[in-house]
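Analysis of the macromolecular model
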Amino acid sequence: MNSILTACSDGDGPERKIQFLHGTTTLAFKFQHGVIVAVDSRATAGAYIASQTVKKVIEINPYLLGTMAGGAADCSFWERLLARQCRVYELRNKERISVAAASKLLANMVYQYKGMGLSMGTMVCGWDKTGPGLYYVDSEGNRVCGDLFAVGSGSMYAYGIVDSGLKQKDLTVEEACDLGCRAIYQATYRDAYSGGQVNLYHVHSEGWNRVSQSDVLMLHQQYQAEKA
Amino acid sequence: MAARYDRAITVFSPDGHLFQVEYAQEAVKKGSTAVGIRGKDIVVLGVEKKSVAKLQEERTVRKICALDEHVCMAFAGLTADARIVINRARVECQSHRLTVEDPVTVEYITRHIATLKQRYTQSNGRRPFGISALIVGFDYDGTPRLYQTDPSGTYHAWKANAIGRSAKTVREFLEKNYTDEAIATDNEAIKLAIKALLEVVQSGGKNIDLAVIRRNQPLKLLESKEIETLVAEIEKEKEDEAEKKKQKKST
């Protein structure tokens, strides 16, 4: 997944001028009590830090979240369109759309534009009648169901933390939130293209709620103090 | 001259009727009877089988068709129109499975069929479909459902209903006899369907086609032998009832 987003070449396709959010770390994982979604908030254009306060989690509706990696415009536009489709589905069928169906709608929408230069790598996270749902959807047409995804230039560092932290089977909500936070922090520590704040969301049976927004530098001091 | 064909066939009459739709409903009334019953763990569809010519193979025209594993429908009216509607419905069932990764609910596919029918009452140069359909099945949460659509594109949910020739008579019978005891077991529900059809089908078990769906099981078309057995049971029950009444009178 890392290579899909950070690779500049897609063969003889158009030159990738959209470099805006390739540098990023977003992650989501399922656990016993739902889904944790954690993202950084740095936007870079080459070596220039364009913003430290980007909202990389898109609130599709009260029980569905989407993350942003790749082109910011592409992600936010298509996910807003997805929100519209989800609402229409809900009105027509008198029940919430499932995470599988929502991610499929998004995947089918962008597949029509395959090869035309869209850049989007998103995780659709939610809770439906089958429990917690997590799908990775990107502009290449991939749509994968999974328990854990990390997307972006800092994803490898995040994977390291989450993989070791998820060894114990039953995490409490606080433990899971802490794990997500730490994973993003570690990624921002080593990856130059990730930083800013860690935005943390928790998706449960009643919907999602925003758990915390922590500045990475504050987290650094906190973790350093804990080590001592 | 060509401009003539652009006009819609279904237009309003001065007093607000859509005559083409009403004529389509008349066509439905000429079709052979179909009855649907919603039980607790079973849904039943019964149709009047028109007698076939000597040389005709019996099994080529079936009036009860599966739309998906868990949904099936019976129709009354123009068979050719029904074929088109059934085909579209079958494709939609699979499309839904592909895009939503879930089987259709009975309500969804009924709504799709009804929307299709309505479209043909408001289109250029097309006439409405001349069929009413009874759609039965189970939703993924296990609830049994029975819906009826008509040529105008409206649909309603029913506990039991009949369409086609003598539908009124059958419906009246059902209104009197559809009780919780009557559908208490699967067998009772099937027998109720047969009894309802026997009201209007003169020749008995040979001219009845029956299909059932049980929860989590695919559509099952009953064989003529099974139907004959059930008809015999019903006849016996009737005789026993008549005997009891006689005895009561005499004592």
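Conventions adopted
Residues numbered from 1 in each chain as written. Chains lettered and ligands numbered in written order. Predicted model: local features only at pLDDT ≥ 70, side-chain atom pairs only at ≥ 80, totals over all residues. Heavy atoms only, no water. UniProt positions renumbered as here; feature names shortened; annotations may be inferred. Axes fitted to C-alpha atoms, helices over the stretch in contact; angles between N-to-C directions. Helix = DSSP H or I, 4+ residues; strand = E, 2+ residues; numbered from the N terminus. Parallel < 35°, antiparallel > 145°, perpendicular 65-115°, else oblique. Left-handed = near helix turned anticlockwise from the far one by under 90°. Contact = heavy atoms within 4.5 Å. Nonpolar A, V, L, I, M, F, W, Y, C, P; charged D, E, K, R; others polar. Core = buried A, V, L, I, M, F, W, Y, C linked by side-chain atoms within 4.5 Å. Buried < 20%, exposed > 50% of the residue type's maximum accessible area, 1.4 Å probe, protein only. Phe/Tyr/Trp six-rings, centres within 6.5 Å; stacked < 30°, edge-to-face > 60°. Pairing = 2+ DSSP bridges. Expected span 1.5 Å × (residues − 1). Polar contact = N/O pair within 3.5 Å; in protein donor to acceptor, adjacent residues only side chain to side chain.

As recorded in an unreviewed UniProt entry, chain B goes by the name Proteasome subunit alpha type, listed as coming from Oncorhynchus mykiss. Listed under Subunit (unreviewed entry) in UniProt, the entry text for chain B is "The 26S proteasome consists of a 20S proteasome core and two 19S regulatory subunits."

Per an unreviewed UniProt entry, chain A carries the name Proteasome subunit beta and comes from Oncorhynchus mykiss. What UniProt states about chain A under its Catalytic activity (unreviewed entry) heading is, verbatim, "Cleavage of peptide bonds with very broad specificity."

1. Here we look at the packing of helix α4 (residues 167-177) of chain B against helix α5 (residues 186-198) of chain B
Residue and element names in this part refer to chain B. For the pair α4 and α5, interaxial distance at closest approach is 9 Å and the crossing angle is 140°. Accordingly, the angle class assigned to the pair α4 and α5 is oblique. The interaxial crossing formed by α4 with α5 has right-handed handedness. Where α4 approaches α5, its residues V170, F173, L174 and N177 are matched on the opposing element by L192, K195 and A196. The residue makeup of the contact of α4 with α5, split by class, is 5 nonpolar, 1 polar and 1 charged.

2. So, the nonpolar core
General note: in soluble globular proteins, nonpolar side chains tend to be found buried as a group. Counting residues in hydrophobic clusters, the biggest one holds 31 residues, and the most contacted among them are I37, V44, I190, I194 and L210 of chain B. Counting only elements with at least two residues in this core, the list comes to β1 (34-38), β2 (42-48), β8 (160-163), α4, α5, β9 (208-214) and α6 (224-250) of chain B. When residues of this core are assigned to their parent elements, the largest contribution, 8 residues, is made by α5 of chain B. In terms of nonpolar packing, the next biggest core, distinct from the first, is built from 26 residues, C86, L118, M120 and V137 of chain A among them.

3. Here we look at the packing of aromatic side chains
Residue and element names in this part refer to chain A. Summed over the entire model, instances satisfying the criterion amount to 10 aromatic pairs over all chains. Each ring, one from Y136 and one from F149, has its centre 5.8 Å from the other, and the planes form 35°; the classification is tilted. Remark: F149 occurs in strand β10 (residues 148-151) and Y136 occurs in strand β8 (residues 131-138); sequence separation between them is 13 residues. Note on accessibility: Y136 and F149 belong to one class, buried. Pairing Y201 with W208 gives two aromatic rings, centres 5.6 Å apart and planes at 65°, and the pair type is edge-to-face. On the accessibility criterion, Y201 (1% relative accessible area) is buried.

4. Topic: the pairing of strand β1 (residues 26-31) of chain A
Residues and elements named next belong to chain A. Most of β1 sits inside the fold, with 5 of its 6 residues counted as buried. For β1 and strand β2 (residues 34-39), the ladder comprises 6 bridges, and the chain directions are antiparallel. The residue of β2 that forms the bridge with L27 is A38. Following β1, the chain reverses through 2 residues before pairing antiparallel with β2. Pairing geometry for β1 and β10, over 4 bridges, is antiparallel. Of the residues in β10, the one forming a bridge with T26 is V151.

5. Comments concerning helix α6 (residues 216-227) of chain A
Its 12 residues place the ends of α6 of chain A 16 Å apart at the C-alpha level, agreeing with the 16 Å of an ideal helix rising 1.5 Å per residue. Among the structural elements, α5 (173-190), β11 (197-204) and β12 (207-215) of chain A are those in contact with the buried residues of α6 of chain A.

6. As for the UniProt feature "active site" (unreviewed entry) in chain A
All names here are of chain A. Here, the residues flagged by UniProt with the feature "active site" (unreviewed entry) are T24. Among the structural elements, T24 can be located in the loop between α1 (2-6) and β1. Among the polar contacts made by the side chain of T24, one reaches the side chain of D40 at a distance of 3.0 Å.

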